[in-house]
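Structure assessment
What follows is the residue order along each chain.
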Amino acid sequence: QVQLVESGGGLVQPGGSLRLSCAASRSIFSIYAMGWYRQAPGKQRELVAAITTTSAYTNYADSVKGRFTISRDNAKNTVYLQMNSLKPEDTAVYYCNYGTYNGGRLYRLSDYWGQGTQVTVSS
């Protein structure tokens with residue numbers, strides 16, 4: 001069974017930081033690339049960061065480049081998203097997922113999504 005459990009979200013002020021975690025099934029790690037997505041109400045879900053199986057490559061949406069860092073610990077079956085210099089427009093529910101990495105894009109192998117974790121950036 002696929003397991004994707006996001007955590008670490010919360011309410012922060014602009015300029016603050018959060019670190020999100022996603023615990024995934026062991027079968028996913030060592031085989032698949034991982035990505036972080038976000039979705040705000042009324043908006044499309046978008047990929048914000050992706051990382052390959054051995055962390056050889058990463059990519060980021062232009063809106064978060066330089067502020068967010070994706071990393072993974074395959075021994076812990078966990079992918080992280082370090083978010084710094086947060087802006088109100090970063091407010092969204094953040095999700096992780098897995099798939100194959102090609103040309104800077106993550107192609108998901110499943111339409112399953114976890115519950116996500118809410119990030120709210122507000123004064």
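Our structure is the block above this text.
Definitions and limits used
Residues numbered from 1 in each chain as written. Predicted model: local features only at pLDDT ≥ 70, side-chain atom pairs only at ≥ 80, totals over all residues. Heavy atoms only, no water. Helix = DSSP H or I, 4+ residues; strand = E, 2+ residues; numbered from the N terminus. Rg over C-alpha atoms; globule rule 2.2 N^0.38 Å. Disulfide = S-S within 2.5 Å. Buried < 20%, exposed > 50% of the residue type's maximum accessible area, 1.4 Å probe, protein only. Pairing = 2+ DSSP bridges. Phe/Tyr/Trp six-rings, centres within 6.5 Å; stacked < 30°, edge-to-face > 60°. Core = buried A, V, L, I, M, F, W, Y, C linked by side-chain atoms within 4.5 Å. Contact = heavy atoms within 4.5 Å.

Per the secondary structure count, the chain includes zero helices and 11 strands. Taken from the N to the C terminus, the helices and strands of the chain come in the order β-β-β-β-β-β-β-β-β-β-β. For a compact globule of 123 residues, the expected C-alpha radius of gyration is about 14 Å, and the chain comes in at 13 Å, within 12% of that figure. Its C-alpha atoms give the chain principal-axis dimensions of about 40 × 30 × 25 Å.

Throughout the structure, instances matching the rule amount to one disulfide. Residue Cys22 pairs covalently with Cys96 via a disulfide, S to S 1.8 Å. Between Cys22 and Cys96, the disulfide has an S-S torsion of 50° and is therefore right-handed. Of the two residues, Cys22 sits in strand S3 (residues 18-24) while Cys96 sits in strand S9 (residues 92-102), which places them 74 residues apart along the sequence. Note on accessibility: Cys22 and Cys96 belong to one class, buried.

What follows covers the pairing of strand S1 (residues 4-7). The alternating pattern of S1 places Leu4 and Glu6 on a buried face and Val5 and Ser7 on a face that is not buried. Bridge analysis of S1 against S3 gives four bridges, and the strand direction is antiparallel. Residue pairing across strands places Ser7 opposite Ser21, the latter belonging to S3.

Following the criterion strictly, the structure yields three aromatic pairs and no others. Taken together, a centroid distance of 5.3 Å and an interplanar angle of 50° make the contact between Tyr32 and Tyr98 tilted. Taken together, the residues Tyr32 in the loop between S3 and strand S4 (33-39) and Tyr98 in strand S9 connect sequence positions 66 residues apart. Given the relative accessible area of 8%, Tyr98 is considered buried. Ring geometry for Tyr95 versus Trp113: centroids 5.8 Å apart, planes at 70°, classification edge-to-face. Remark: Trp113 occurs in the loop between strand S10 (105-108) and strand S11 (117-121) and Tyr95 occurs in strand S9; sequence separation between them is 18 residues.

Next up on the list: the nonpolar core. In this structure, Met34, Trp36, Ile70, Val79, Leu81, Met83 and Tyr94 are the most contacted members of the largest nonpolar core, which totals 28 residues. Elements with a contribution of two residues or more to this core: S3, S4, strand S5 (46-51), strand S7 (68-73), strand S8 (78-83), S9 and S11. With residues near it in sequence (within four places) discarded, Tyr94 still touches Glu6, Leu20, Trp36, Tyr37, Arg38, Phe68, Leu81, Met83, Gly116, Thr117 and Val119. Counting eight residues, the second largest nonpolar core, distinct from the first, contains Ala33, Ala50, Val93 and Tyr95.

Limitation: the analysis is restricted to geometry and does not speak to function.
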